[in-house]
Structure formats: C-alpha cells, structure tokens
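Architecture at a glance
The chain contents come next:
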Amino acid sequence: MALLSLQDVTLSFGGPAVLDRVTLRIDAGERIGLVGRNGAGKSTLVRLIHGDLSAEKGEVTRGQGLSVALLSQEVPRGLLGSVFDQVARGLGPHAELLAAFHHVSLQYAAEHSEELRTELVRLEKALESYGGWKMNQRVEQVLARMELPADARCEHLSAGLQRRVLLARAIVREPDLLLLDEPTNHLDLAAISWLEEFLLRYDKTVLFITHDRMFLRRLATRIVEIDRGLLTSWACDHATYLERKQAALEAEARQQALFDKRLAQEEAWIRTGIKARRTRNEGRVRALERLREVRQARRQRPGEARMQVIDAERSGRLVIEARGVTFRYGAQSRPENRPQSGGPADLTPKIPNTETVPDDVATIRGLTTLVLRGDKIGIIGPNGSGKTTLLRLLLGELTPQTGGVRHGTSLEVAYFDQLHAQLDDQKTIIENVTDGADRITIGGQTRHVIGYLEDFLFSPEQSRRAVKYLSGGERNRLLLARLFTRPSNVLVLDEPTNN
C-alpha cells in the first residue's frame, strides 16, 4: 500500500511548470534518490510532499496517520537555543515541556533550591502523563549516536555541527517518511559514513535529494529523476540509471532531429507553394500549425555553465605566511595585529601576550604554515574543528591571540563562503551581481549583465527574480558569478560542492 501518491500534479511559479502533470507513488520501505539539475524543482517536490506547498492541479494522497519529517538543504540563519532544545522540537507539541524539564534538571543539579525542586516535580508529573520519558530517552539516544553536545548553544556551532543538529531533529521522531534535501551538505566524512549506515538500517521510508554520487550509489533502491517538469522513475541502481538515461537522451535527440527536419520541410512548402495549392491543402496547413505549437512548447535541457576567473596582477611568490598562530573564540582580539590589505603585517604582536590559551579550548593552536603562489591546498577535518575559522584567520578576517599572519604583495582574494552570506536574499540576481546596473565590465570588456548571467545558466526572466527563490545549487552559481566579476589571484572555496 502506498504511503503517499501524486496524481497529475501541476505546480508553477509564474513561469514554465516546475511540476507538469506528474505522477509518483511512494511505498513503505523504499529509499528513493531524487536527482536532477540545479533548479529543476527537486526541493519544490519535497516541500509539496511535506505539505509546505499545495498543488495547483492534481491530487496528493497521504496514508492515514502518515508522519513526515524534512531536513531542508540550507542551514537557517539565526539557529538559536541549545542543541537539546532544537532536537526535541522534532517530537512535536510536547517539545517545550521536554526542553523545560531538561533545563530545570541542570539548574537543580547545580543549585538544589526548593523552588527548582517544586518545578521539577511538576514537570516530571506532566511528562509522565504524556509518556515524556520515552521521548526524553529518544532525544538522548540520537544525541549520543550523532555525538552532539546537548547543552551547547546552536549559534556557536559550525555549519557542519548545525547541520547535524537539524538532521537529528528530523530523525528523532522516527517518521514514516523521512525527506532529506542534500543531507551530506556541510557534513564531515565520519558523519556521512554514520548517516549512510543509519539509513541502511532504517526500516522506514526515505526520499533524499543528493548530488553525492557515492551516497546515491550506496543507498538508493529506486531513482526518480525530475527533468523539465516531468518525473521519471528508474527501478535500478545508479550505474544502470546512467546507462539508461544516456540511451533515453540519445533517442530523444534523434526524435527531435526527425521532427525538426519535417517541420523545416513543411515551412519550405508553405513559403513556396502557390496560394491555390495552399487552399486545396487546408489540412496540411493545420498540421503545420500544430507542428509549430509543439516546437514552441518544447523545453530544452539546460546547457553547460561557462565560468572564467579573471586573472588579477600576478601576486608575489609568498601568498600567506602564518607563524605560531593560536586562536580561540571569546579571547581578547588585537586589531593592531591584523594584516593590512595589500601589504605585509608584523609577525610579532605589538602588545606582549601573557595570556596562556588552554589546549582544550583552542580552536587553532600553534599553526605555522606557508601558502605559495600556485599552491592548491585542501583543508579537511571533523565538523567543528575550525576549518572555516582557519580560512578566516589566514584571510585576516580574524586576529589570532598569539602568533601572526603575514600577507604577500598584490593579493586579490575571491572568497566563496559556505553559507552565502555575501548574497542578499531580498535583492534580485542582477542586483546581487551589479547593484542593478545593466552592463558589467569583465576582463576589460563591457557586456550586458543578462548575457553574463546566461553563462551561469540564469535565464533573462530568472535574473530578475529575488535570490530567496533560488535553490542551493543556484545560489552557488550566483555567488561564483558575483565573485568572478572582479579579478583575483587567490581563490578560497569553503564547501564549494554543497548542493
């Protein structure tokens, strides 16, 4: 029996239909991989299944009592509260009661006041009446399995750890249908391996969006593709899907070539035939009109993006030097030791540093390294270990408590940040790239901004839309389009393959 089904569902946002009379059936126990190009409508379909969107036409049928949980692809800005609170929210209406009991328990352990004891007794009785002990145990088990600190503040966590918190919130309820939108975004290798093993053992139904081919190959029992508004189900593994998809594209190309050839022949006939002949062949004229309508309605597959970094003046051989750098959050910063743009900084702190940074709280400790012109450096490590902090230290956005960072000469940095903080969601794509100007100068040549954005696969109509409507992958392309408008000789990428 189907957990959920879509029948002839159509959904659009003022342009071509994102979902065009699609039909889909999801059965119990499946692990469905949803694939497609960035912007094809994968997240839209997931939000429709979750109930955040309604279909314009067609019917969405859910099984009785079906519970659905969604992990969105983006880490929301302003994720606040403790890790325990956020994970408990996945349990629904009794989450606040569970969070209150957790916090009062911690306070009572520290203070042992009569007022706290009374409140703790009240919360215990309330939890017992709602079966809250089982919920509390479930939260603690998920936190332990995902190695999350229950009492840490979410706003102080790295993007990777925040992502794990949101994942824990989605699975703690043990929903009948688990929807995962780019679940490996921001996760370290250990967390991805844990997630794969968890989902392989998970006895409920999972529908996930991913561009991670290894993740897809290992988990998917069925692949559903969304392409130009249509859904196609492939009951096979990923390797077989790729073979069958390529064959389908080649067959489509042959059919379109035959269609276009026939249309060209009929267009030649209508232009050269005498008026009397056209009058006697009204059926052929009507057939030609139908061919034109079919050709006009054809939706082409997106092309390949054309991206080019505009080289700035060559930098010196030394790009960045770090010597004895230690950093921890909360320590007093020393702005006078910050590297200056375009020039070196003194490696010796101007204020004598008498502070000893404890080893157990230092994010970066005793770092000494050189970055030279032409280097290609990959930074790896567990979530929360300080990878983004390290980048910000090397770029001069943060000031170390000990040691120093020196920049070489003539540096022009293009920095791709993983949370797209450089983009303004309320502005249009054009405004984010040119502040609203119609023309843009790239590498000494002036171009219309619409043409430039088409190189990054943004249509003229899409270029005038607000960024808040873009998918994660489209935001990545937009950020690259913005960065590549300026010459650079140092490219810094923080999680560039997300989405």
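The text that follows walks through the structure, step by step, so that each part is easy to find. (Residues numbered from 1 in each chain as written. Predicted model: local features only at pLDDT ≥ 70, side-chain atom pairs only at ≥ 80, totals over all residues. Heavy atoms only, no water.)

**A word on the overall build of the protein**
Filter applied, for reference: Put simply, DSSP H or I for four residues or longer makes a helix, DSSP E for two residues or longer makes a strand, and each gets a number counted from the N terminus. Type-normalised accessible area, obtained with a 1.4 Å probe on protein chains alone, sets the label of each residue: buried when under 20%, exposed when over 50%, and partly exposed for intermediate values. Contact definition: two residues touch when any of their heavy atoms are within 4.5 Å. Method for areas: the Shrake-Rupley scheme with a 1.4 Å probe, in which residue coverage is limited to the protein chains shown.
Along the protein, the regular secondary structure elements total 16 helices and 16 strands. The proportion of buried residues among the 499 residues of the protein is 47%. When contacts within the protein are restricted to residue pairs at least 6 apart in sequence, those whose partners lie at least 24 apart make up 71%. When the accessible surface of the protein is totalled, it reaches about 26500 Å², and 49% of it is carbon and sulfur.

**Some remarks on the pattern of salt bridges**
Definition in use: Between Lys or Arg on one side and Asp or Glu on the other, a salt bridge is scored when a side-chain nitrogen of the former is within 4 Å of a carboxyl oxygen of the latter.
All chains considered together, the criterion is met by 19 salt bridges. Among the ionic pairs, R222 bridges to E30, the shortest N-O distance being 2.8 Å. Taken together, the residues R222 in strand 8 (residues 222–227) and E30 in the loop between strand 2 (19–27) and strand 3 (31–35) connect sequence positions 192 residues apart. Under the relative-accessibility criterion, R222 is labelled buried at 11%. One salt bridge in this structure joins R475 and D425, with 2.9 Å as the shortest N-O distance. Taken together, the positions of R475 in helix 16 (residues 472–483) and D425 in the loop between strand 13 (413–416) and helix 13 (429–434) put the pair 50 residues apart, joining distant regions of the chain.

**Overview of the packing of aromatic side chains**
Each pair of aromatic rings is reported with the distance of its centres and the angle of its planes. Which entries qualify depends on this criterion: Centre distance within 6.5 Å is the pairing criterion for rings of Phe, Tyr and Trp, where only the six-membered ring of Trp is used; planes under 30 degrees apart are then read as stacked, over 60 as edge-to-face, and the remainder as tilted. By the criterion adopted, a ring carries a charge over it if an Arg CZ or a Lys NZ lies within 6 Å of its centre and within 35 degrees of its normal.
Across all of its chains, the model carries five aromatic pairs by this definition. With 5.2 Å between their ring centres and 10° between their planes, W194 and F198 make a pair best called stacked. Here the residue W194 and the residue F198 both occupy positions in helix 7 (residues 189–201), the gap between them amounting to four residues, near one helical turn. Each member of the pair, W194 together with F198, is buried. Measuring from ring centre to ring centre gives 5.5 Å for F208 and F215, while their planes differ by 90°; the resulting arrangement is edge-to-face. One exposure class covers both F208 and F215, and it is buried. Three or more aromatic residues joined by ring pairs make a cluster, and in this case those are W194, F198 and Y202. Note that R284 overlies the ring of W269, its terminal NZ or CZ placed 4.3 Å from the centroid. Residue placement shows R477 over the ring face of F458; its charged tip is 5.1 Å from the ring centre.

**So, the sheet that holds strand 12 (residues 402–407)**
To keep things clear, this is the line we draw: One bridge is not enough; two strands pair if DSSP finds at least two bridges between them. Between the N-to-C directions of two axes lies an angle of 0 to 180 degrees, each axis being a line fitted to C-alpha atoms and, for a helix, fitted only over the stretch in contact.
As summarised here, the arrangement of the three strands in space is 11-10-12, forming an open sheet in which the pairing is antiparallel. Edge positions in the open sheet fall to strand 11 (364–372) and strand 12, since each of these has one partner strand only. Looking at each pair of strands side by side, their axes are set apart by 10° on average, direction ignored. As paired elements, strand 10 (residues 318–327) and strand 11 share six bridges and run antiparallel to each other. Residue pairing in the sheet places A322 in a bridge with T369 of strand 11. Contacting strand 10, strand 11 and strand 12, helix 12 (residues 387–395) runs over the sheet at an angle of about 120° to strand 10.

**A word on helix 7**
Heads up, the rule is: A helix's residues, less one, multiplied by 1.5 Å, set its expected span. Under the rule applied, a polar contact is a pair of N or O atoms within 3.5 Å (in protein, one hydrogen donor and one hydrogen acceptor; residues adjacent in sequence only if both atoms are side-chain atoms).
When the terminal C-alpha atoms of helix 7 are compared, their 19 Å separation across 13 residues agrees well with the 18 Å that a helix rising 1.5 Å per residue should span. Regarding helix 7, its N-cap is D188, as a side-chain oxygen of that residue lies 3.2 Å from the backbone nitrogen of A190 further along.

**Here we look at unusual backbone geometry**
You will see that S410, though not glycine, has its phi angle at about 60°, which is positive. Its place among the elements puts S410 in the loop between strand 12 and strand 13. Residues other than glycine seldom take positive phi values, yet L457 does so here, at roughly 70°. Structurally, L457 is set in the loop between helix 14 (449–454) and helix 15 (460–463).

**What about the environment of R222?**
A sequence separation of 189 residues divides R222 from G33, and the C-alpha atoms of the two residues are 6.3 Å apart. For R222, the residues in contact, after removing those within four places along its chain, are L24, R25, I26, E30, R31, I32, G33, S233, W234, A235 and C236. Of note is the side chain of R222, whose polar atom sits 2.7 Å from the backbone oxygen of R25.

**Some remarks on the nonpolar core**
What counts, and what does not: Working definition of a nonpolar core: buried Ala, Val, Leu, Ile, Met, Phe, Trp, Tyr and Cys residues. They are joined through side-chain atoms within 4.5 Å.
V139, L178 and L199 are the most contacted members of the largest nonpolar core, which has 55 residues in total. Tallying contributions element by element places helix 6 (residues 159–171) first for this core, with seven residues. Not counting the four nearest positions on each side in its chain, V139 is found in contact with F84, V87, A88, L91, L98 and V172. V22, A40, V46 and L48 belong to the second-largest nonpolar core, a separate cluster that totals 27 residues.

**Notes on a nonpolar patch on the surface**
Going by this rule: Patch membership is restricted to residues that have no salt bridge and whose relative accessible area is over 30%. Joining uses 9 Å for like charges and 5 Å for the nonpolar side chains Val, Leu, Ile, Met, Phe, Trp and Tyr.
On the surface, V309, L491 and L493 cluster together to form a nonpolar patch covering roughly 220 Å² of accessible area. Tracing the chain through its elements places L493 in strand 16 (residues 490–493). Taking relative accessible area as the criterion, L493 reaches 38% and is therefore assigned partly exposed.

**Some thoughts on the sheet that holds strand 2**
Taken together, three strands build an open sheet; the order of strands is 2-1-4 and the sheet is antiparallel. The sheet terminates laterally at strand 2 and strand 4 (57–62), the two strands that pair on one side only. Ignoring which end each strand starts from, the neighbouring axes of this sheet average 5° apart. Pairing analysis gives five bridges linking strand 1 (residues 2–11) to strand 4, with the strands arranged antiparallel. By the bridge assignment, L6 is partnered in strand 4 with V60. On the sheet, helix 1 (residues 42–50) packs against strand 1, strand 2 and strand 4 and is oriented at approximately 125° with respect to strand 1.

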